[in-house]
Amino acid sequence: MSFSRRAFLGGGLAAPAMLRAGQVLTGAGLALPLAATRASAEPKFHSFQLGETEIIVLSDGGLSLPASTLAANVPDADRAAFLEVNGHDPITRASPLNITLVRRGDALVLVDTGAGMNFFETAGQLADSIEEAGIDREAVTHVALTHAHPDHVWGIIDDFDETERFPNAAYLIGAAEWDFWMDPDFIANNPEALHSFGLGAQRNLNAVAEKTERVGADHAVVPGVTMIATPGHTPGHMSVLVEDGGQQLLVLGDALTHSSVSFAKPDWQPSSDQQPEIAAATRRRLLDRAATDGLMLIGYHLPWPGVGRAEAKDGAWRYVPAS
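Here's a quick rundown of the structure. The structure displayed is predicted, hence computed values, not measured ones.

## Some points on the pairing of strand β11 (residues 225-229)
Right, so step 1: With respect to burial, β11 is a largely interior element, 4 of its 5 residues being buried.
Right, so step 2: Alignment of strand β10 (residues 219-222) against β11, held across 3 bridges, turns out to be antiparallel. Among the inter-strand pairings, A220 is bridged to a residue of β11, identified as T226.
Right, so step 3: Connecting β10 to the antiparallel partner β11 that follows it, the hairpin turn spans 2 residues, and G224 within it adopts a positive phi of roughly 90 degrees.
Right, so step 4: Taken together, the 5 bridges between β11 and strand β12 (residues 238-244) define a ladder with antiparallel strand orientation. If you follow I228 over to β12, its bridge partner there is S239.

## Observations regarding the nonpolar core
Right, so step 1: Core analysis: the biggest nonpolar cluster contains 39 residues, and L110, V143, L145, I156, F166, Y171 and L205 have the highest contact counts within it.
Right, so step 2: Looking at this core, the elements with two or more residues in it are β4 (53-66), β5 (92-104), β6 (107-111), α4 (126-132), β7 (142-145), β8 (170-174), α6 (175-181) and α8 (195-207).
Right, so step 3: It is β4 that contributes the most residues to this core, 4 residues altogether.
Right, so step 4: Once you skip the residues sitting within four places of it in the chain, F166 turns out to touch L110, T113, L126, I130, R137, V140, V143, G155, Y171 and K211.

## Section: the pattern of salt bridges
Right, so step 1: Going through the model one piece at a time under the given rule, you end up with 10 salt bridges.
Right, so step 2: Between D267 and R284 there is a salt bridge, and its shortest N-O distance comes to 3.0 Å. Linking D267 in the loop between α9 (261-264) and α10 (276-293) with R284 in helix α10, this pair joins segments that are 17 residues apart in sequence.
Right, so step 3: With a relative accessible area of 32%, R284 lands in the partly exposed category.
Right, so step 4: In this structure, R289 engages D293 in a salt bridge whose closest nitrogen and oxygen atoms are separated by 4.0 Å. Taken as a pair, R289 and D293 lie in helix α10 at a separation of 4 residues, close to a single helical turn.
Right, so step 5: Judged by relative accessible area, D293 falls into the partly exposed class, the value being 46%.

Parameters at a glance
- Sequence order as written defines the numbering, with residues in each chain counted from 1.
- Reporting of local features is limited, given that this is a predicted model, to residues whose pLDDT is at least 70; pairs of side-chain atoms are given and counted only at 80 or more, and all residues count toward the totals for whole chains, interfaces and linings.
- As a rule here, side-chain values cover all heavy atoms of the structure and leave hydrogens and water aside.
- Under the scheme applied here, a residue whose accessible area is under 20% of the maximum for its type counts as buried, over 50% as exposed, and between as partly exposed, the area being computed with a 1.4 Å probe on protein chains only.
- Secondary structure counts use DSSP, requiring at least four H or I residues in a row for a helix and at least two E residues in a row for a strand, with both numbered from the N terminus.
- Strand pairing is defined by DSSP finding a minimum of two bridges between the two strands.
- Only buried residues count toward a nonpolar core, which is a set of Ala, Val, Leu, Ile, Met, Phe, Trp, Tyr and Cys residues joined through side-chain atoms within 4.5 Å.
- Contact criterion: two residues are considered in contact whenever any of their non-hydrogen atoms come within 4.5 Å of each other.
- Each reported salt bridge corresponds to a side-chain nitrogen of Lys or Arg within 4 Å of a carboxyl oxygen of Asp or Glu.

Structural data, given as structure tokens:
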């Protein structure tokens, strides 16, 4: 399958047209209203040490979605009541975009590339955040992609001149994830609601295909930085485990996406999970490990800067943000 930049920017893909219409598609193919307000995080970056490794969280802006996307398998009244009790808006879901950069020795590993400028008008701020953090994009040595949804891979290439945003980086992605999105028969094999996602993934991944390694579980990006299998949100979703100085940090991607629902109600099924039952099992496994082993977590969509831990509570878990 091939398509031109003109088709992409001129309406050949659904995403830009849906932005103009005030809607966007979830990964499960639901058309949702798009908030018109611009999201921002202050400051644009947050850094801390994990042993000798520097961790930098960069803001790509944020999304504003209906709260119904948090649980497609739960009655509206039950979901709304839970959200209100836990201090959340029962109607609208604010979803930050927190991108992790790992500086370890001579390696600079970026986990995901953000949404670019053609997904949500409130996203696409990674370039500004990197500049504010004083980081040279050309110094990024590796890009580890957790999965190929728009807000994670549409920032691979510049939307205007099609140049790579991280030209000196080697790319890594789960082999199962690559195979799903890069299927030459993707359009024929998937519902229409996913077509724009697939075309956008193929446009961006094709741009770096020759420098992308398709990996399996427990693949070391660099020593101490490992990609682990966390499937369900997408077929080949992976998270990134960072280890240094006897400490462990798990960069979740979209394995856990909400500070209350994902932790206290792991069996509730977000509408963006492409394999809901597998995703729920993954959440339970990750939460048990995180609470038992005391892992530090960074969630792509958890409240800025997305850094915290999981604690066991009442037969489930709760999210404890880092102080």
